[in-house]
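# Summary of the model geometry
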Amino acid sequence: MTLADTNTPQRTRTASLLRLARKNKLSAFGLLMFTLIVLASIFAPFISPHDPLDQNILDRLQDRSAEYILGTDTFGRDTFTRILYGLRVSLMIGLTSTFLAMVLGCSLGIIAGYRGGWVDSLIMRVMDMLLAFPTLITGLFIVAVLGANFVNIVLAITVTILPKFARVARAPTIALKEREFVEAARALGYSDIRIMAVHIAPNILGEVVVLASLWAAYAIRIEAYLSFIGLGVAPPTPTLGTMIRDGFNHILDAPFVSIYPGFAVLLVVLSLNLVGDGLRDAIDPKLRD
Amino acid sequence: MIGFITKRLLSTIPTLFGVLVIVFVMIRVAPGDPALAILGDNASQEALDAFRDRMGLNDSMLVQFGRFLSDLAQGSLGTSMVSGKPVVTSVMEVLPYTLELALGAIFFGIIIGLPLGIISALWRNGWLDYFLRVVSLLGLSFPAFLTAILLILWLSIEWRIFPVISSPTGGPIDRIYNLILPALSLGVIMVAYIMRTARSAMLDVLGEDYIRTARAKGAPGRRLILHHALRNALIPIVTVVGLYFGLLIGNAVLTEIIFNRPGLGKLIVLSLNQRDYTTLQGLMVISAFLIVIVNLLTDICYALVDPRVKLK
Amino acid sequence: MTTPLMTVEDLSISFKIEDRWCRAVNGISFDILPNETLCIVGESGCGKSITAMSLMKLLPDTAQLGGKITFDGQDILSMKEKELEGIRGSRIAMIFQEPMTSLNPVLTVGEQIAEPLVLHKGMTWSDARREARNLLDLVRIPDAEQRLGQYPHELSGGMRQRVMIAIGLACRPEILIADEPTTALDVTIQAQVLALLDDIRKEQGLSIVMITHDLGVVANVADRVAVMYAGDLVETAPVADLFTAPSHPYTQALLKTVPRADEAFELLPIEGQVPPIQLMPEGCRFAPRCLEAHDACEVAPELSPGPHAVRCWAREERV
């Protein structure tokens, strides 16, 4: 086997992932849904005639109408517009933290699996500690202590899901490092870092990307939870969690104020779950939970 | 059995110790002065000094950590910075409410999720299976607050079956009645997870040789599924319930806020708002310990369900 | 001539592969006589196991069955699931190849043996458990009382297969179908299990249908042999005839793969493989691998009549 061959398993796998996405109707539907949501949030100013911060006290707590397609909140701000802007925050925080967790978690997992020994024990022990808390509590604690701002929220969510990536990356690394192409690379004197980056990482990418879509859904939900509790990005920036929280005070007279942003969270999370779930079943039925 | 439990608890000590260090250090290096945060900007210098002295904030970090550990060894997590109440007491006061909520959610998860998962597996790839799979995916995508809000709207406001605010007081009947709606709301995600696990576990098990043996014995369909297959399918289901217990506790925080129920969630939010770092620290330690206990219980359940597992 | 216990007529089994029905078993007929051991032999992939399973209609719904299997005047293949449940494990029992996975890991040995007795004989669990103890004695498992409370993982492979046999025998069936019962076992254990089965057959007067690919097993226990190739029954004969005068080229080739003490000739593997069922050749299915194949083989031959029946044009010419 020549070294040029070592990347082929990965390339075919990525290609087959795309093929699977096309074949699996639910995954394809999820992908479409997610793309539409992302586009809508990016082009929010062009889609909605309102400003997310414009208050029209006279129009407060209105239900759906031609003017306010999803109604207005306590201050008469347009809910639809605020949802679009809130989605921006959700997506930015959710996707950034998932990406960071993926890069850091996989690096740690690969290093742990490749090196073994005390490095492995140390890394995985720390990951165990992070997993020792009930989910959400870790993030909540970090944001509470460090203060609620974009960077800290991203940090908190990253730390929450990072150990999952580390675990997922570690197991196949242990298997891969015994494979002949890795041994060949080692025999040729390539550095460990190069072997991990060029020969191992691409081969576990398929699984990792699929799981990343599921955990991005999770990250977005944590962001919404944090802001619901009051640990979100500071106002006046609209976030979905805050909108739900505020709307909840009017559950009796104007339930729609909290329900619509709630459904927005549901749709994003669902779209990512649809993408990841179908693909996961397709690449490895054993990963079903 | 007792040997196993002791051994397992001892083996988690390094992890728990690490947890303690992380929690302790994070609170100490956090920006902001707790004294200032609690007493307010207008507090006099004397009051601030007195507060720091009382809380031991003037000692070095190592001394503080030593004190923290020695307190812990005596079963104490210090006293609240705000109310002066022992942290263990205030956590233990509300912990039962959160636990009953989580157990209620697991209960709903099992009684709804398990049969649906089995049905899904038996009608594999039929329209019902397809429908149930979409429903389960929807169920696990539902944010905890949305389920709570929708249930309140339908069952409390529209139909007036359950109270909007769940106050877990009164006799056992009242208490259970008050628990139903929040537990159902928290249980939606559990229903979804158990459904999916039950489906795939049943599919795996139904393809096993021993199911063929049972058919060859003339065991009727119902017995095949409920006796031969289900017992084996329970093994992964136990894992899932144990695995997602942490998630349940996290989601319980939100459910408690919405239903205005006492519990860990409300205590967390209260200590957050009051910058009560000692209570927060104690909450973290106790919740990590809770997860350790749940993992232990999961292992014991394994041994009950699967005779091949020996508690050693 | 004795009346057969079971008659299989023109049995065919098809599976849907990529939207096409493929015949895995291609219209085979044979009888099962009282108190005999009938061995069905052939390489793996010849349709032996699914034939065995179809005898009590155990195949999954994805299989399409054709023909007729008459047992006690009734056609098994047209029976409803409820009626089948009454026969399975009570009048026809089956034991499987993999003793490791064929027992339910979460149920005790005692419960698994007692179950058919409770299901079919209406026994109480405690009576059935007592009977299970006798069955363990019958299959020569020592410390029966203690074994009853154990789980399958606590037993060795040979023990588990004995437990399987005990389950099969629980209701004193008329026919015991044994699908490669010794393949997964050590050679010494194999011999013990075969001897046990043979003894029990003689004691209890039941019929055994033994599926195997091992001609050694056939020589040991068979009264009659049916040779299958690629879903066809190519030769049936009393065991002595088959070994002394194999008539089908496949049987001949098969015999050459077995070392024999009385003859010193080299072992010859059969060239090629059993074709996968979606790629079955037209005409005689063995022709592509047959050294004697000729033009006539493009049309499938019929099974000749008589106790030593062969399905080959070459044989027709010889006769």
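These notes cover the structure that comes with them. This structure is a prediction, so every number in the text was calculated from the model and none was measured.

### What to know about the environment of A:Ala187
Along the chain, A:Ala187 turns up in helix H8 (residues 180-187). The class of A:Ala187 is exposed, set by a relative accessible area of 70%.

### Thoughts on the interface of chain A and chain B
Listed as interface residues are 43 residues of chain A and, on the opposing side, 53 residues of chain B. Interface area for chain A against chain B, summed over the two sides, is near 4,400 Å², with a carbon-plus-sulfur share of 77%. The tally of links between chain A and chain B comes to one salt bridge. Across the pair B:Arg196 and A:Asp277 runs a salt bridge, and its minimum N-O distance is 2.4 Å. Between chain A and chain B we count seven residue pairs in polar contact (both at pLDDT 80 or more) in total. For the side of chain A that touches chain B, the elements supplying multiple residues, two or more each, are helix H5 (117-131), helix H6 (137-146), helix H9 (192-229), helix H10 (240-248) and helix H11 (256-283) of chain A.

### A look at the environment of B:Tyr302
Residue and element names in this part refer to chain B. Locating Tyr302 in the fold gives a position in helix H14 (residues 277-305). A C-alpha to C-alpha distance of 37 Å links Tyr302 and Leu272, two positions 30 residues apart in sequence. Discounting residues that sit within four places of it in the chain, Tyr302 has contacts with Ile235, Val238, Thr239 and Val309.

### What about the packing of aromatic side chains?
The full count for this structure, using the stated rule, is 14 aromatic pairs over all chains. A ring pair is formed by A:Phe43 and A:Phe46, whose centres lie 6.2 Å apart and whose planes are at 55°; its orientation type is tilted. When the ring of C:Tyr229 is compared with that of C:Tyr250, the centres are 4.6 Å apart and the planes differ by 55°; the resulting orientation is tilted. Of the two residues, C:Tyr229 is situated in strand E9 (residues 224-229) and C:Tyr250 in helix H11 (residues 249-256); the sequence distance between them amounts to 21 residues. Each of the two residues, C:Tyr229 as well as C:Tyr250, counts as buried. Taken together, the ring pairs in this structure connect B:Phe17, B:Phe24, B:Phe65 and B:Phe68 into an aromatic cluster. The ring of A:Tyr218 has A:Lys164 sitting right over it, with the charged end atom 5.1 Å from the ring centre. The residue whose ring lies beneath A:Arg194 is A:Tyr190, and the NZ or CZ to ring-centre distance is 4.4 Å.

About the thresholds
- Residues numbered from 1 in each chain as written.
- Chains lettered and ligands numbered in written order.
- Predicted model: local features only at pLDDT ≥ 70, side-chain atom pairs only at ≥ 80, totals over all residues.
- Heavy atoms only, no water.
- Helix = DSSP H or I, 4+ residues; strand = E, 2+ residues; numbered from the N terminus.
- Buried < 20%, exposed > 50% of the residue type's maximum accessible area, 1.4 Å probe, protein only.
- Contact = heavy atoms within 4.5 Å.
- Buried area = accessible area lost by both parts, 1.4 Å probe.
- Salt bridge = Lys/Arg side-chain N within 4 Å of Asp/Glu carboxyl O.
- Polar contact = N/O pair within 3.5 Å; in protein donor to acceptor, adjacent residues only side chain to side chain.
- Phe/Tyr/Trp six-rings, centres within 6.5 Å; stacked < 30°, edge-to-face > 60°.
- Lys NZ or Arg CZ within 6 Å of the ring centre and 35° of its normal.

Everything listed here is a matter of coordinates, which is why it stays silent on function.
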